[in-house]
Amino acid sequence: MNPTTTPKTWTKTADRPLRSAWRSAGVWLLARFMGVPVPWQAVHQRDGRALLAYEHQRLLALGAAGEAVPPVLAFDGHSLVTGDIGRTFDHIVNETPLPQRLPLMCAAAEDLAGFHARGHWHGGAQARNLTWDGQRFARMDFEEPLYPAMPLNQVQLYDALQLLMSYARFLESMGPGAVRDVLQAYRSASVRAFAARGVTPPDLPSFIQRLMSRLRTVQRVLHAVPRLRESREAMRLRIVLDGMAAFTAQHTGH
Ligand SMILES: Nc1ncnc2c1ncn2[C@@H]1O[C@H](COP(=O)(O)OP(=O)(O)O)[C@@H](O)[C@H]1O
Ligand SMILES: [Mg+2]
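Basis of the calculations
- Per-chain numbering applies: the sequence of each chain, read as written, is numbered from 1 onward.
- Throughout, the order in which chains and ligands are written sets their labels, letters from A for the former and numbers from 1 for the latter.
- Totals for whole chains, interfaces and linings use every residue, but because this is a predicted model, local features are given only for residues with pLDDT of at least 70 and side-chain atom pairs only at 80 or more, for both listing and counting.
- Convention adopted: a line fitted to C-alpha atoms gives each axis, helices being fitted over their contacting stretch, and angles between N-to-C directions are expressed from 0 to 180 degrees.
- Helix and strand labels come from DSSP, where a helix needs a run of H or I of at least four residues and a strand needs a run of E of at least two; each type is numbered from the N terminus.
- By the definition adopted for this analysis, an angle is roughly parallel if under 35 degrees, roughly antiparallel if over 145, roughly perpendicular if from 65 to 115, and oblique otherwise.
- Throughout, a crossing is termed right-handed when the near helix is turned clockwise from the far one, and left-handed when it is turned anticlockwise from it by less than a right angle.
- Remark: residues whose backbone-derived C-beta atoms lie within 7 Å of one another are considered to be in contact.
- We call Asp, Glu, Lys and Arg charged. Ala, Val, Leu, Ile, Met, Phe, Trp, Tyr, Cys and Pro are nonpolar, and the rest, Gly among them, are polar.
- Placing a C-beta atom from the backbone of each residue, we mark the residue near a molecule or strand if the atom is within 6 Å of it.
- The start and end points of each domain follow an automatic or database-based domain assignment.
- Only buried Ala, Val, Leu, Ile, Met, Phe, Trp, Tyr and Cys residues enter a nonpolar core, and they are joined through C-beta atoms within 7 Å.
- Exposure classes come from backbone-placed C-beta atoms, where a residue is buried if 20 or more other C-beta atoms lie within 10 Å of its own, exposed if 12 or fewer do, and partly exposed in between.

Undergrad: Sorry if this is basic, but what is going on with the packing of helix H5 (residues 98-117) against helix H6 (residues 152-166) here?
TA: Two numbers describe a pair of packed helices, the interaxial angle and the distance between the axes. Direction vectors running N to C along H5 and H6 enclose 165 degrees, while the axes themselves pass 11 Å from each other. Judged by the inter-axis angle, H5 sits roughly antiparallel to H6. Crossing geometry of H5 relative to H6 is assigned as right-handed. Along its contact with H5, which presents Ala108, Ala109, Leu112 and His116, the element H6 presents Gln156, Asp159, Ala160 and Leu163. The residue inventory of the contact of H5 with H6, partitioned by class, reads five nonpolar, two polar and one charged.

Right under this line is the structure:
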């Protein structure tokens, strides 16, 4: 099942700038803080050719497994040419009228759960690495070698969190209920889809529960500084935390 493609193509080369050590450290720290112990080697890539070869292999494997990813048109070790799979989901959500946004965002979360149940992981599941043609979601950007360095269910939980966080600017105006709905959409779909395969789904409620206690610490710090207390970041954090609390309450019965 190939995603819809247009005549447009995309080229990634082995000599494009890699993540700097500072940026890698930022990603590493943030992920650890979120409770996702990503290995340093996975975050800080130094070999552009190896990275490109890795992404090439991932695209071939996922394509062969029937997943909607960009088709590989050419690869010579230095450049990777892929077919276009359309506009990215962050733009699509942005252009969608407000009342239809949340169902669409939840649909992407459900689609991610199905992808996970089929035994896959993204490693960069943000809305900017996703497309939607009106019928199907397709994924791109597979250059994070998180698995098998990390257990599969951890990487999948990280995917779910990255998708949720990439929705932050939309969730801000929608409120905590929307955060809960996105998490619940992923959770319900994953319980169904994993059960159909006789596999235990990743434990999203426990993961979110642990994350909440860390985020509450950040919230206390923000609250202690008058200038930050009223900031946009503090507001987003409150919405996310309230939504996470509503989500976990559904799973613990509190
Ligand atoms: N095959 C593709 N189809 C559609 N858009 C693409 C494709 N490849 C890249 N893009 C666009 O280019 C951006 C960057 O490509 P991506 O593979 O995500 O690389 P990066 O590692 O720089 O994030 C994407 O967010 C998307 O907008
Ligand atoms: Mg990308």
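Undergrad: Where do I start with the site of ligand 1 in this structure?
TA: Taken together, Trp10, Pro70, Thr82, Asp84, Ile85, Gly86, Thr88, Arg128, Asn129, Met140, Asp141 and Glu143 make up the full set of residues adjacent to ligand 1. For the shell around ligand 1, the per-class residue count stands at four nonpolar, four polar and four charged. Looking at the shell around ligand 1, you find at least three residues from each of domain 1 (6-84) and domain 2 (89-252).

Undergrad: Any chance you could explain the nonpolar core here in plain terms?
TA: The nonpolar side chains of a soluble globular protein tend to be buried with one another. Within the largest apolar cluster, 46 residues are counted, with the highest numbers of intra-cluster contacts made by Ala109, Leu112, Leu163, Val182, Leu183 and Tyr186. Sorting the residues of this core by element identifies helix H4 (89-95), H5, strand E4 (130-132), H6, helix H7 (168-174), helix H8 (176-196), helix H9 (204-224) and helix H11 (232-252) as the ones contributing at least two each. Both domains that meet at this core, namely domain 1 (6-84) and domain 2 (89-252), each give it at least three residues. In this structure, Leu112 is in contact with Ala125, Asp159, Ala160, Leu163 and Tyr186, ignoring residues within four places of it in sequence. By size, the runner-up hydrophobic cluster in this structure holds seven residues, among which are Leu59, Val69, Met140 and Phe142.

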